Amino acid sequence: MNLKLQQYINGNWVNAISGNTREIINPFNQEIIATVPEGDESDTRAAIAAARKAFDSGEWASVPAIERGTVVRKIADLIERDKQELAHLESLDTGKTLQESLGDMDDIADVFRYYGELADKDGGELVNSPVSNSISKVVHEPVGVCGQITPWNYPLLQASWKLAPALATGNTLIMKPSEITPLTTIKVFELMEEAGFPAGVVNLVLGAGDTVGAELANNTDVDLISFTGGVATGKKIMQAASVNVKKLALELGGKNPNIVFADADFEIAVDQALNGVFFHAGQICSAGTRLIVEESIHDEFVKALVERVKKFKLGSGFDDDTQMGPLISAEHLAKVEKYVEAGMEEGATIAAGGKRPEDPELKKGFFYLPTIFTDCTTDMRIVQEEAFGPIITVEKFRTEEEAVKLANDSIYGLAGGVWTTDSAKAERCVAKMRMGTVWINDFNLYFPHAPWGGFKQSGIGRELGRLGMEEYTETKHIFQNLNPKPINWF
Ligand code: NAD
């Protein structure tokens, strides 16, 4: 592997101070694909000190925004140049198909290009002042030292949503990727070194959440934490971050409803319901795991889903005909199996899947069959909790009100979909759906220009779009009196 396999701190490639390492496992066959340093609190503190010094020196923040944007856009060019290698690493590390990883790399380059182009578009704003002969202006400045923590499902995509806006706005940062999928993030740090940042602006620490991640959240020299991951971890980070009232951006879990009305285009709705949930083996925060189908088409819809699911081709991400890869780890597979047991105990019916595949070729991988549960009710754990695997639950509804009520019956509010050819009905539903993204006659689409994030326990703040950039800025009001006079109160 032509990769440095080290941490990047203060402009140097380094091993862990402790000398500890961690093996990175291929989820397709459990082979060791790399051995990387296992950093801890000491490495994290060294990276924070470097980022603090680099921020306080003002070296990066004072680079004109036009030039900062050029450097961020250069990262996009380098990602495109090394797209094949990056996609190969992402598929090795996560088990997803190479085609998916290549698509991810295009999206990631787009994110760096979008924020690179946005870097010089905010020159501040003059506001009306109530005082004659004065200037009142509002400017945006970088927040400071940013701790960025990412999950394993879209390792580099999630990292790009954080790196690009933070750098475009002049912050310094410490990135901690998921300890089980660090490879593409390491590679992008090589590319960022090539793009040319002053020492200490970008730092990479590898290691576990309860050491490296917790230190980032606890350390008073960190000004902002941007976290993507599970709700339970998000709550811990919120508590830890209160130590110095850090700014927080949290992208947490989802249990996303997908409502299908009887008047929807049947074939497209079936196709997209499958794609919405089984893409990347269901390991997507916005996966449409709760299918809510109008009663009159319920049986026919389920039949069509089952027929299609039985034909899915599971296998190596590097085989051209593979449609679905393995789950990320043995631990995660065990979690998914537990949820299926819970669904059966609670009285749901398995219409497809519900077990590991029998194909001996897949035995070494963490594979699970695409699983469809029918006879589901909203009180079941399988309907309420995020299994983060290839499982869909199907509920029935009779009226529009009932469909929306079922869709909103969740602690989460990340995303949801509505399928109907009646656009007035779609608009009525969408207005009542409590989610950060709602698709009408589509599912799982996102792009750099539109904000992404959750209502309720799905998170705080937004990534992508202009809002995703504002997360990394502080707002300053500057008032200048051009003709000062005494107030004569005292
Ligand atoms: P996770 O919460 O277990 O871990 C996420 C990251 O947090 C990892 O880097 C981990 O090492 C770190 N971490 C763990 N404990 C920590 C602690 N105490 N302090 C600081 N950091 C800590 O999540 P995961 O299993 O890696 O990812 C799956 C979850 O991510 C799902 O819930 C999914 O919905 C969510 N997710 C959300 C989005 C979104 O955009 N909303 C996108 C992708 C994934």
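Calculation notes
- Residues numbered from 1 in each chain as written.
- Predicted model: local features only at pLDDT ≥ 70, side-chain atom pairs only at ≥ 80, totals over all residues.
- Heavy atoms only, no water.
- Helix = DSSP H or I, 4+ residues; strand = E, 2+ residues; numbered from the N terminus.
- Rg over C-alpha atoms; globule rule 2.2 N^0.38 Å.
- Buried < 20%, exposed > 50% of the residue type's maximum accessible area, 1.4 Å probe, protein only.
- Areas by Shrake-Rupley, 256 points an atom, 1.4 Å probe, with all protein chains shown as cover.
- 1 Å grid on protein atoms, 1.4 Å probe; cavity = no way out; pocket = protein on both sides within 12 Å on 5 of 7 lines; lining within 4 Å.
- Points joined across faces, edges and corners; volume = space filled by probe spheres on them.
- Nonpolar A, V, L, I, M, F, W, Y, C, P; charged D, E, K, R; others polar.
- UniProt positions renumbered as here; feature names shortened; annotations may be inferred.
- Salt bridge = Lys/Arg side-chain N within 4 Å of Asp/Glu carboxyl O.

Regarding its fold elements, the protein chain presents 15 helices and 22 strands. Taken over C-alpha atoms, the radius of gyration comes to 24 Å for the protein chain, in line with the 23 Å a tight globule of 490 residues would show. Each principal axis of the C-alpha atoms in the protein chain carries an extent, and together these give about 80 × 55 × 40 Å. Looking at the 490 residues of the protein chain, the share that counts as buried comes to 57%. About 20500 Å² of surface is accessible on the protein chain, with carbon and sulfur atoms providing 51% of the total.

Here the focus is empty space enclosed by the protein. Using the criterion set out here, one finds five cavities of 30 Å³ or more in the structure. Surrounding the largest cavity, Gly254, Lys255, Asn256, Gly282, Ile284, Cys285, Ala287, Thr289, Glu386, Ala387 and Phe388 form its lining. Residue composition of the lining of the largest cavity, by class: five nonpolar, four polar and two charged. Roughly 50 Å³ of internal volume is contained in the second largest cavity. The wall of the second largest cavity is formed by Gln158, Trp161, Thr228, Glu251, Leu252, Cys285, Leu414, Trp452 and Glu463. Across the lining of the second largest cavity, the residue classes break down as five nonpolar, two polar and two charged.

Let's shift gears to the UniProt feature "domain: Aldehyde dehydrogenase" (unreviewed entry) in the protein chain. The UniProt record annotates "domain: Aldehyde dehydrogenase" (unreviewed entry) at residues 13–478. Between the C-alpha atoms that bound residues 13–478 there is a distance of 41 Å. The span itself is 40% helix and 20% strand.

Further remarks concern the layout of surface pockets. In this structure, the largest pocket encloses a volume near 1200 Å³. Trp152, Phe227, Gly229, Gly230 and Thr233 are the residues nearest the centre of the largest pocket, which is lined by 39 residues in total. The set of elements that each furnish at least two residues to the lining of the largest pocket consists of helix H7 (209–218), strand E10 (224–228), helix H8 (231–241) and helix H11 (330–345). Class assignment of the residues belonging to the lining of the largest pocket gives a composition of 17 nonpolar, 14 polar and eight charged.

Our next topic: unusual backbone geometry. Of note in the backbone geometry, Phe388 takes a positive phi value of approximately 60° without being a glycine. Take Phe388: it is sitting in the loop between helix H12 (381–384) and strand E16 (391–397). Residue classification places Phe388 among the buried positions, given a relative accessible area of 15%. We note that Lys456 has phi near 50°; this positive angle belongs to a residue other than glycine. Along the chain, Lys456 falls in strand E20 (residues 455–456). Looking at Lys456, the relative accessible area reads 37%, which means it is partly exposed.

With the rule as written, the count across this model stands at 23 salt bridges. With a shortest N-O distance of 2.9 Å, Lys83 and Asp106 are connected by a salt bridge. Here Asp106 lies in helix H4 (residues 98–118) and Lys83 lies in helix H3 (residues 83–94), a separation of 23 residues in the sequence. For Glu179, the salt bridge is made with Lys176, and the minimal N-O distance between the two is 3.3 Å. When its relative accessible area of 3% is taken as the criterion, Lys176 is described as buried. Each of Arg81, Asp82, Glu85, Lys187, Glu190 and Glu194 takes part in one network of salt bridges that share partners.

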